[in-house]
Amino acid sequence: MTIQTFAIEMQMSVDRLIQQFLDAGITKTAFDFVTKKEREILFKHMNCNKIAVFNKLSLQRKIRSTLNVSSMDGKNKKIQIEVRKKRVYMVKCSIQDSYSVAQSHILLQNKKKNNNLKHDDSELVVECNLKNSKSMPVYANNIDISVFTPKSVVEEDCSSAMRVLCPTEKKLETKICCVVDHKTQKLENIRKQKGPLDSKGNKFNYDQDLNNVLEIKKNISDNFHKVIPSNEVIQDNSNKLENDRRSNGNKIRLRYKNLGKVIKHKRYCKSKSYIDIMNESEKEEKLCVSTTTYRVNKNKRKKSILLQSFNKPVDMISRDVVIGETISVSELSNKISVKSSYMIKVMMKLGLSITINQVLDQETAQLIVEEMGHRAILRRENELEELVMHHGDLNQISDSSVSSINKMVYKNRAPIVTIMGHVDHGKTSLLDCIRSTTITSSEVGGITQSIGAYCVNTANGGMITFLDTPGHEAFTRMRAQGVKLTDIVVLVVAADDGVMPQTIESINHIHNANVPVIVAINKIDKSKINIDRIKQELNNYNLIPEEWGGHTQFVNISAMLKIGINDLIDSILLQSEMLELKTVHYGMAKAVVIDSFLDKSRGPVASVLVREGELKCGNIILCGSEYGRVKAMRNSFGRLIESAGPSIPVELLGLSGTPVSGETLVVVSNEKKAKEVALYRKEKKREIKLSSNLEQSTLKNIFNNINSTSKVSELNFIVKSDTDGAAEVICESLKKLVVNGILMKIVSVSIGNITETDAVLASASKAIILAFNIKADIAARNIIESHHIDVRYYAVIYDLLNSVQQLICSKLTPKHKYEIIGLAKVRNIFKSPKNGIIAGCLVTQGVMKSHKKVKIIRNDVVIHEGELESLRHFKNDVNEIRSGVECGVGIKNYNDICAGDVIEVLDIK
Ligand SMILES: Nc1nc2c(ncn2[C@@H]2O[C@H](COP(=O)(O)OP(=O)(O)OP(=O)(O)O)[C@@H](O)[C@H]2O)c(=O)[nH]1
């Protein structure tokens, strides 16, 4: 074909065609021939440079409907629904269309040349929608293939050939490809059968036909762009697919119409074609939406009813149920998403009879949850507490790493030595002697009433921490606490006294705590002492001296004359060496509260003994239900210090309140969490207190109290003390003073001076305030005076206890007094059929009155106490008989009266 003929076919001037060729990289003149390959290059070039133009068409539609929904209370509710639909059609009008037409025209010519190749054109009929889409119309022989390009998937940018095919398109593509393959096969067969020439001797152009058919196939596949696995594209196309899916029905009908096979669908949903093309999502939707009937009437689709129903889940859903320490039945049923009644039914099957509001414990709740096929996740309420307590850097050292860093971090620490023994056996004197102080002389009442902690530097450079415990019997708790903190115990036994009750108690504490003990036999300076006797006595309590073959070191000392003190210290150091006392000296500290008190100017003060790590000023601390930041610290010598290592006793300021002695103090990293834990602990304490109060006020107890209170008097106390330790000791001692007939009750226990609140509480509860080592505030004093509140001040524990005992005794003494108003001597005995035995008496003193209490005395011994039942003068009943007058006396329920007995008549005052 020449350039000129090609220009006519292409409907363009020769010059322009030459220019187009030139643009495509082929140099041509007006008289040159054009090969098929060159034509292809030109077409490709033109295709690449095509410019797509889109005509945009937007359609909007509104559907308003009313939905009747039945609500929970059985009433019908109307819901207005407005469905707005917007559809945008993108119609591509490409200048390439003209080229495509020309291309198809050339193909048509080839078809004419090969008119011997006649085939059934009814083999393939595919919708030709040239008006809307003329992207690639192709003609091959009698086969009319127009590639259908769905409007919905027209890309805005035609250069991008990436899109997702909807199922309908895929079907169409497959079908077209099959037909083209079939055609290719047929052309091949014809060539084989007929050879290269036709009946007129012309050469068949098989290759060209074949190429044309192959080109069709290629165009088809080009037009049906393949899927790209990009999320964005998929996302983008999913919307398009949705639109496409909705418009499929119309399209299919349109296609059938184009073919002259108009199908009328009575019910759109019943249409086979529609169901064929309905994709999976549509099918699912059809299953979910129960009644969505469409009626086709005069090409109008109407929605009759729109009712939604939900499918019940068929399989059981296994849930993870988080259970706290307690959970109510209703809460648990909510968590499992079942009705409470069903839950109760399950529990009844398990043999538990409970109500909806009843609270279940964690174990029971777990049993029920697992019985119902769910998974129980048990939550510990003190999780945060554990987390905070174990967050210290010392706790983060794993067991394996401990051995490796053992040498580095773990260092020797000073031994903590507790001095114990009976009261006045010389414990404080011994400490005074070691420390060169004079605490003994300043002690109120001459006794120790709190645990004292002191650091002592020994002559060889070592350090010992001493804890001095009280020896009075009331301080049992303090002694027990002292033993808990200690490494070694020095048991002081006075040589003149020997083993005494508190010595035995101390030995029991030592054995319970399983700590090594050194016995210091004190006051050896005194005369008439027998040390062997003491050793013998202690032997009975499993403390056998080394010289007797035992393991206990015995040291003879005199605290007053400073005899044997160095020997005792040597023994302590030796014992501590044997114990190899080591601990971590760095990191967040842990300490134990020895005692605490409330200082008017400094606030709460706590005496603590550091056990491990380093306690520094500014550290955030948590101690029981108190928290805070260390503001200042003082050592046992009263000096301000910045940090304290292990075995160092310090007095610290900065806690929110006075902690309970014996509690552990820890340094934490987060003040907010420390506060949370402290509040949680406070709340727990309150709950425990409330529950114990509730326990007391159960119906059974109330009845018991009613029965008992009819006979007993009540004594209410408010205990106020300077230190926490002393307050606890007072409470414990008061509890021990329980006497039959007296109901003692401690209304409140607190530390610090008597406040207005205490006074008001005392007035309301009619309580006696026991003030130990404290005073009353001015405001409190006013209330005390105005309300006449009984406040008793003490400085020594035994004074307090003696006073309370006296108080109890005064309550126990009887209030009614009997007075003798008359005396009569029995002269004779008569028997009366009506009144029984009658004693004939002479009133010797005072007056005899009927119905009065009487005592019958025989030989100066009271043989009966009873009531005077009848009093007669001769035959007359009288109320009283005066002295010197004879009378007949009848004693109620008593007949054993004899002549010579004396009758005492008593009157109650
Ligand atoms: N003769 C003599 N008297 C001593 C000796 N040691 C202490 N005392 C006296 O014993 C009395 C009691 O001494 P403390 O040191 O207060 O006794 P304690 O064991 O601390 O008493 P509590 O702390 O109340 O249990 C004091 O009067 C001391 O002077 C000693 O070695 N010889």
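Small disclaimer: the values here were computed from a predicted structure and weren't measured.

Conventions adopted
Residues numbered from 1 in each chain as written. Predicted model: local features only at pLDDT ≥ 70, side-chain atom pairs only at ≥ 80, totals over all residues. Heavy atoms only, no water. Helix = DSSP H or I, 4+ residues; strand = E, 2+ residues; numbered from the N terminus. Contact = heavy atoms within 4.5 Å. Areas by Shrake-Rupley, 256 points an atom, 1.4 Å probe, with all protein chains shown as cover. Axes fitted to C-alpha atoms, helices over the stretch in contact; angles between N-to-C directions. Parallel < 35°, antiparallel > 145°, perpendicular 65-115°, else oblique. Nonpolar A, V, L, I, M, F, W, Y, C, P; charged D, E, K, R; others polar. Pairing = 2+ DSSP bridges. Near = heavy atom within 4 Å. Polar contact = N/O pair within 3.5 Å; in protein donor to acceptor, adjacent residues only side chain to side chain. Disulfide = S-S within 2.5 Å. Buried < 20%, exposed > 50% of the residue type's maximum accessible area, 1.4 Å probe, protein only. Salt bridge = Lys/Arg side-chain N within 4 Å of Asp/Glu carboxyl O. Core = buried A, V, L, I, M, F, W, Y, C linked by side-chain atoms within 4.5 Å. Phe/Tyr/Trp six-rings, centres within 6.5 Å; stacked < 30°, edge-to-face > 60°. Arc of directions from axis to C-beta.

Novice: How should I be thinking about the overall build of the protein chain in this particular structure?
Specialist: Within the protein chain, the secondary structure is distributed over 26 helices and 39 strands. Sequence-distant contacts, at least 24 apart, represent 67% of the contacts inside the protein chain between residues at least 6 apart. A total of about 51,700 Å² of accessible surface is found on the protein chain, and carbon and sulfur atoms cover 51% of it.

Novice: Can you walk me through the packing of helix 15 (residues 427-435) against helix 20 (residues 565-579) in this structure?
Specialist: As a packed pair, helix 15 and helix 20 sit with axes 11 Å apart at the nearest point and diverge in direction by 90°. Judged by the angle between their axes, helix 15 and helix 20 are roughly perpendicular. In this structure, helix 15 uses Leu430, Cys433 and Ile434 to contact helix 20, whose residues at the interface are Ile565, Leu568 and Ile569. Tallied by class, residues from the contact of helix 15 with helix 20 come to six nonpolar, no polar and no charged.

Novice: Sorry, what's going on with the sheet that holds strand 30 (residues 767-772) here?
Specialist: Strands pair in a sheet through their backbones, by hydrogen bonds, and they do so in one of two ways: parallel or antiparallel. In spatial order, the strands read 29-28-30-31; together these four strands make up an open sheet with parallel pairing. Bordering the open sheet on either side are strand 29 (742-751) and strand 31 (791-794), each of which pairs with just one other strand. Adjacent strand axes in the sheet meet at a mean angle of 20°, parallel and antiparallel pairs treated alike. Pairing of strand 30 with strand 31 involves four bridges; the strand directions are parallel. Opposite Ala771, over in strand 31, you have Tyr793 as the bridge partner.

Novice: Please explain the sheet that holds strand 17 (residues 553-556) as it appears in this structure.
Specialist: Strand order in the open sheet formed by six strands is 13-14-12-15-16-17, with mixed pairing between adjacent strands. Only two strands of the sheet have a single partner each, and these edge strands are strand 13 (452-457) and strand 17. Averaged over all pairs of adjacent strands, the angle between their axes in this sheet comes to 25°, without regard to strand direction. In the sheet, strand 12 (residues 416-421) pairs with strand 14 (residues 463-468) via four bridges, with the strands oriented parallel. Paired with Val417 across the two strands is Phe466, which belongs to strand 14. Lying over the sheet, helix 18 (residues 501-513) contacts strand 12, strand 15 (488-494) and strand 16 (517-522), oriented at roughly 165° with respect to strand 15.

Novice: Is there a simple way to explain the site of the ligand in this structure?
Specialist: Surveying the vicinity of the ligand reveals 20 residues, the closest of which are Lys427, Thr428, Ser429, Thr448 and Asp525. His425 places a polar main-chain atom, nitrogen or oxygen, 3.3 Å from an oxygen atom of the ligand. A distance of 2.9 Å separates a nitrogen atom of the ligand from a polar side-chain atom of Asp525. Its free accessible area being 650 Å², the ligand has 84% of it covered by the protein chains. The biggest single contributor to the shell around the ligand is helix 15, with three residues. Of the residues that constitute the shell around the ligand, the class distribution is four nonpolar, eleven polar and five charged.

Novice: Hey, could you run me through the environment of Val747 in this one?
Specialist: Mapping Val747 onto the fold places it in strand 29. Sequence-wise, Val747 and Ala762 are 15 residues apart; in three dimensions their C-alpha atoms are separated by 8.4 Å. With residues up to four places along the chain from it excluded, the contact list for Val747 reads Asn716, Phe717, Ile718, Leu761, Ser765 and Ala767.

Novice: Even after reading the chapter, I still don't get the state of the cysteines, so can you show me in this structure?
Specialist: Here, disulfide denotes a covalent bond that connects the sulfur atoms of two cysteines. Counted by the stated rule, this structure contains zero disulfides. Here Cys887 is not cross-linked by a disulfide; its sulfur's nearest cysteine counterpart is in Cys841, at 5.3 Å. Given the relative accessible area of 6%, Cys887 is considered buried.

Novice: In this structure, what is going on with the pattern of salt bridges? I would like to understand it.
Specialist: Side chains that differ in sign of charge can pair as their charged atoms come close. Per the stated rule, a full pass over the model turns up 19 salt bridges. One salt bridge connects Arg375 with Asp320, and the closest N-O pair in it is separated by 3.1 Å. Of this pair, Arg375 sits in strand 10 (residues 375-378) while Asp320 sits in strand 7 (residues 320-323), and the two are 55 residues apart along the sequence. Through salt bridges with shared partners, a single network forms among Asp599, Arg602 and Glu651.

Novice: Which parts of the structure should I look at to understand the pairing of strand 7?
Specialist: Side chains on a regular strand alternate between the two faces of the sheet. Here strand 7 shows one buried face, formed by Val321 and Ile323, and one open face, formed by Asp320 and Val322. Of the pairings in the sheet, the one linking strand 7 to strand 10 comprises four bridges and is parallel in character. Bridge pairing in strand 10 links Val322 to Ile377.

Novice: Teacher, can you tell me more about the nonpolar core here?
Specialist: One recurring pattern in soluble globular proteins: nonpolar side chains tend to sit buried together. In this structure, Phe717, Leu734, Leu770, Ile797, Leu800 and Val804 are the most contacted members of the largest nonpolar core, which totals 32 residues. With six residues, the single largest contributor to this core is helix 26 (residues 797-812).

Novice: I tried to follow unusual backbone geometry on my own but got confused; where do I start?
Specialist: The phi torsion of most residues other than glycine is negative, and most of the peptide bonds are trans. At Asn542, a position not held by glycine, the phi torsion is positive, near 65°. Note on placement: Asn542 falls in the loop between helix 19 (531-539) and strand 17. Given a relative accessible area of 56%, Asn542 falls into the exposed group. In the Ramachandran plot, Asp860 falls in the positive-phi region, its phi being about 60° despite a non-glycine side chain. Within the secondary structure layout, Asp860 lies in the loop between strand 34 (853-858) and strand 35 (861-873). On the accessibility criterion, Asp860 (78% relative accessible area) is exposed.

Novice: Is there a simple way to explain the packing of aromatic side chains in this structure?
Specialist: Aromatic rings considered in pairs are described by the distance between their centres and by the relative angle of their planes. Tallied over the entire structure, the rule returns two aromatic pairs. Measuring from ring centre to ring centre gives 6.1 Å for Phe6 and Phe21, while their planes differ by 45°; the resulting arrangement is tilted. With Phe6 in helix 1 (residues 3-9) and Phe21 in helix 2 (residues 14-23), this residue pair connects regions lying 15 residues apart in the sequence. For the pair formed by Phe6 and Phe21, the shared burial category is buried. Ring centres of Phe6 and Phe43 lie 6.2 Å apart, and the angle between their planes is 65°; on these two criteria the pair is classed as edge-to-face. Placement of Phe6 in helix 1 and of Phe43 in helix 3 (residues 36-48) is noted, with a sequence separation of 37 residues between them. Using a relative accessible area of 0% as the deciding quantity, one classes Phe6 as buried. Put simply, the rings of Phe6, Phe21 and Phe43 touch in pairs and so form one group of aromatic residues.

Novice: Explain helix 19 to me, please; I cannot follow it from the model alone.
Specialist: Along helix 19, the residues that are buried comprise Ile531, Ile534, Lys535 and Leu538. For helix 19, the arc enclosing every buried residue in end-on projection is 100°, short of the 170-degree limit, so these residues lie on one face. Looking at where helix 19 begins, the residue whose side-chain oxygen comes 3.3 Å from the main-chain nitrogen of Asp532 is Asn530.

Novice: I would appreciate a short explanation of helix 11 (residues 340-349) in the present structure.
Specialist: What sets the pattern is the α-helix's 3.6 residues per turn: residues three or four places apart point alike. Listed as buried for helix 11 are Ser340, Met343, Ile344, Val346 and Met347. Seen along its axis, helix 11 keeps its buried residues to an arc of 160°; they face one direction. Opposite the packed face of helix 11, turned more than 90 degrees from it, sit the exposed residues Lys345, Met348 and Lys349. Contact partners of the buried residues in helix 11: helix 10 (329-336), strand 9 (359-361) and helix 12 (362-371). Positive phi shows up at Gly351, right after helix 11, with a value of about 90°.

Shape is all these values report; function is a separate question.
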